[in-house]
Amino acid sequence: MANPEAPQVFETESPEVFEAEAHGEHVEHVEPMALGLTPGGWVGLAMLVFLLVLVWKGVHKVIGGGLDAKIAAIKANLDEAKQLRAEAEALRAEYSAKIAGAEKDAEAMLEGARQEAEAIVAKAEADTAATMARREQMATDKIAAAERQAIEELKARAADASTKAAASLIAEGHDAEADKALADKAIAAI
């Protein structure tokens with residue numbers, strides 16, 4: 001009977017079938033042999049001969065050399081990876097330092113801009129105060145000039161009015177004879 005779980009590639013018969021063929025007697029199955037070796041022995045001998053041929057031809061050296069070359073290549077890759085990692089860490093440290101420096105520079109620039117803005121505001125306030133003082137002084141000067149001009153005009157009008165009044169008084173109170181006496185008196189005083 002065939003094993004139901006085994007694949008049906010090789011179908012084997014149970015030992016009962018062999019006993020039935022031998023008419024109930026127990027028949028020993030004979031293993032085939034050649035030159036005193038069973039099939040398993042021949043397979044082992046062939047494998048031994050194959051391995052000896054491989055050793056004799058130096059295949060183990062070729063395999064060892066190939067493995068050594070592969071080991072050397074892997075070591076070279078590992079060394080290169082270590083070197084690249086060290087370079088990357090150095091670059092990272094360098095750029096971290098640059099970023100820190102840039103942040104400090106930015107803070108310094110910002111502080112400088114603040115100070116400059118404060119200086120500009122202070123100068124503008126001082127300039128505004130100076131401009132206001134100048135304009136106030138100019139307005140005061142204009143007012144004083146206008147007062148002087150008004151006083152001079154008043155004096156000129158008063159002088160004109162007194163001259164006209166004196167002329168009219170003199171013209172009324174003096175005649176040609178009084179003028180002659182005044183002229184003689186002035187000539188005598190000289």
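Residues numbered from 1 in each chain as written. Predicted model: local features only at pLDDT ≥ 70, side-chain atom pairs only at ≥ 80, totals over all residues. Heavy atoms only, no water.

For the chain, the name recorded in an unreviewed UniProt entry is ATP synthase subunit b, with Aurantiacibacter flavus as its organism. As recorded by UniProt, the Sequence similarities (unreviewed entry) comment attached to the chain reads in full: "Belongs to the ATPase B chain family." (UniProt positions renumbered as here; feature names shortened; annotations may be inferred.)

Chemist: Mind laying out the overall build of the chain, listing which residues take part and the relevant values?
Modeler: Tallying secondary structure elements over the chain gives 4 helices and 0 strands in all. When the helices and strands of the chain are read in sequence order from the N terminus, they spell out α-α-α-α. The 190 residues of the chain split such that 2% are buried. Carbon together with sulfur atoms contributes 64% to the accessible area of the chain, which is approximately 17000 Å² in total. (Helix = DSSP H or I, 4+ residues; strand = E, 2+ residues; numbered from the N terminus. Buried < 20%, exposed > 50% of the residue type's maximum accessible area, 1.4 Å probe, protein only. Areas by Shrake-Rupley, 256 points an atom, 1.4 Å probe, with all protein chains shown as cover.)

Chemist: Describe a nonpolar patch on the surface, and please don't skip the residues or the numbers.
Modeler: Taken together, the side chains of L35, W42, L45, L48, V49, L52, V53 and W56 present a nonpolar region at the surface, about 860 Å² in accessible area. The topology assignment puts L45 in helix α2 (residues 39–57). (Patch = residues over 30% accessible without salt bridge, like charges linked within 9 Å, V, L, I, M, F, W, Y side chains within 5 Å. Salt bridge = Lys/Arg side-chain N within 4 Å of Asp/Glu carboxyl O.)

Chemist: Could you give an account of the UniProt feature "transmembrane region" (unreviewed entry) in the chain, with specific residues and numbers?
Modeler: Residues given the UniProt feature "transmembrane region" (unreviewed entry) here are residues 33–56. Helix makes up 75% of residues 33–56 and strand 0%, and the two end C-alpha atoms of the span are 29 Å apart.

Chemist: Any chance you could break down the pattern of salt bridges for me, citing the residues and the numbers?
Modeler: Using the criterion set out here, one finds 4 salt bridges in the structure. R114 is paired through a salt bridge with E111; the nearest N and O atoms lie 3.7 Å apart. With R114 and E111 both in helix α3 (residues 59–173), this residue pair falls 3 residues apart, about one helical turn. Residue R114 is classed as partly exposed on the basis of its relative accessible area of 47%. For E111, a relative accessible area of 37% gives the class partly exposed. Note that D127 is salt-bridged to K123, the shortest N-O span being 3.2 Å. Placement of both D127 and K123 in helix α3 is noted, with a separation of 4 residues, approximately one turn of the helix. Residue D127 is classed as partly exposed on the basis of its relative accessible area of 37%.

Chemist: A description of helix α4 (residues 176–189) should follow, citing residues and the corresponding values.
Modeler: Between its terminal C-alpha atoms α4 stretches 20 Å, which fits the 20 Å expected from 14 residues at 1.5 Å a residue. For α4, a buried count of 0 out of 14 residues is recorded, marking the element as mostly open to its surroundings. (Expected span 1.5 Å × (residues − 1).)

Chemist: Account for the confidence of the model for the chain, with residues named and values stated.
Modeler: Taken over all residues, the pLDDT of the chain has a mean of 82, while the share at 70 or more is 83%. Within the chain, helix α1 (residues 15–21) has the poorest average pLDDT of any element, 54, and α3 the best, 90. (pLDDT = per-residue confidence, 0-100.)

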